[in-house]
Amino acid sequence: MGNWTAETRERIALLTFHRAPDNQMDLASLDELAGHLEDISKRTGEVSVVLLKSSVDGIFIKHADLDILRRAAAGTLSPADAGTWPRTLALLESLPQPVVAAIDGQAWGGGLETALAATLRVASVRSHFSQPEIRNGLIPGGGGTQRLPRLIGSGPAADLILTGRTIGSEEALRLGILNAVLPTEDFDRHAMEWAALVARNPAPALFAAKRALLDGRPLPLTDGLALEADLFRQVIPLSAFAPTAAA
């Protein structure tokens, strides 16, 4: 039995993590998640959005399994194992479909870094976030120093990373980490309804828009505009403005 379950509802693929008691992310679970993502990436005809969630009460992903850190400190973590986390999060980030991280509770360290690799993030009122690595003499190792400043700016990201402080959902929303704060009660239903607002849009446009946002991010403006124009030309024959659609 794995630690992830996968199901599809109305063009939304739900990936649910359950590794009781506290949803620490181990290497086997990362490999399992990567397998689900690879499968979903081939199902663009039936899946428009991915919803990443937990079924452990009050915890999204607590943090990386501490055994990974102990092995890394002892020098016994192989290069292949050390690359599991960045490979899986890169796959999550680059998936054709937009990914919504639905966070109900704790998302610290690798849990927050997993959410940062998603396209969009929603959380319950009770959720809390931290990059606490600095307090243990470490730095984020799953992309936190790179994705967080790109999302919220270098100053706010430096504050969170260099202090290791914990913030709640409302501050995370103000900083731009979250796209929405949803009620804690019946959170899964609210998260599904929020994701459905994205999933109801035409899939080719969703995939092209995500690619423009993601691939254009590191480009100079002129190159990004060229990428956008190329993607626009690809989707307009499939849009409501195409002659066949109008007919």
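Criteria and cut-off values
- Residues numbered from 1 in each chain as written.
- Predicted model: local features only at pLDDT ≥ 70, side-chain atom pairs only at ≥ 80, totals over all residues.
- Heavy atoms only, no water.
- Buried < 20%, exposed > 50% of the residue type's maximum accessible area, 1.4 Å probe, protein only.
- Helix = DSSP H or I, 4+ residues; strand = E, 2+ residues; numbered from the N terminus.
- Pairing = 2+ DSSP bridges.
- Right-handed = clockwise from strand over helix to strand, strands pointing away.
- 1 Å grid on protein atoms, 1.4 Å probe; cavity = no way out; pocket = protein on both sides within 12 Å on 5 of 7 lines; lining within 4 Å.
- Points joined across faces, edges and corners; volume = space filled by probe spheres on them.
- Nonpolar A, V, L, I, M, F, W, Y, C, P; charged D, E, K, R; others polar.

Q: Even after reading the chapter, I still don't get the pairing of strand β3 (residues 49-54), so can you show me in this structure?
A: Consecutive side chains of a regular strand alternate in pointing toward one face of the sheet and then the other. Counting buried positions over the six residues of β3 gives six, a clear majority of the element. Both faces of β3 are covered, namely the face carrying Val49, Leu51 and Lys53 and the face carrying Val50, Leu52 and Ser54. By the bridge criterion, six bridges tie strand β2 (residues 12-17) to β3 in an arrangement that is parallel. The residue bridging threonine 16 from the neighbouring strand is lysine 53, located in β3. In this view, the connection linking β2 to its parallel neighbour β3 by way of helix α1 (residues 27-41) has right-handed handedness. In terms of strand pairing, β3 meets strand β5 (residues 99-103) through three bridges, oriented parallel. The residue of β5 that forms the bridge with leucine 51 is valine 100.

Q: When you look at the layout of surface pockets in this model, what are you seeing that I'm missing?
A: Which parts of space are left empty comes out when a probe the size of a water molecule is rolled across the atoms. Approximately 510 Å³ is the volume attributed to the largest pocket. In terms of lining, the largest pocket is formed by 24 residues, of which the most central are Ala64, Leu69, Glu133, Leu138 and Gly141. Of all elements in the fold, only α2 (66-74), α3 (79-82), α4 (84-94) and α5 (110-116) reach the threshold of two or more residues within the lining of the largest pocket. The element contributing the most residues to the lining of the largest pocket is α2, with four residues. Residues of the lining of the largest pocket, tallied by class, amount to 14 nonpolar, six polar and four charged. By volume, the second largest pocket is sized at about 420 Å³. Ala118, Thr119, Leu213, Leu214 and Arg217 are, among the 18 residues lining the second largest pocket, the residues nearest its centre. Contributions of two or more residues to the lining of the second largest pocket are made by β7 (120-124), α6 (144-152) and α10 (203-216). If you tally residues by element for the lining of the second largest pocket, the top one is α10, at five residues.

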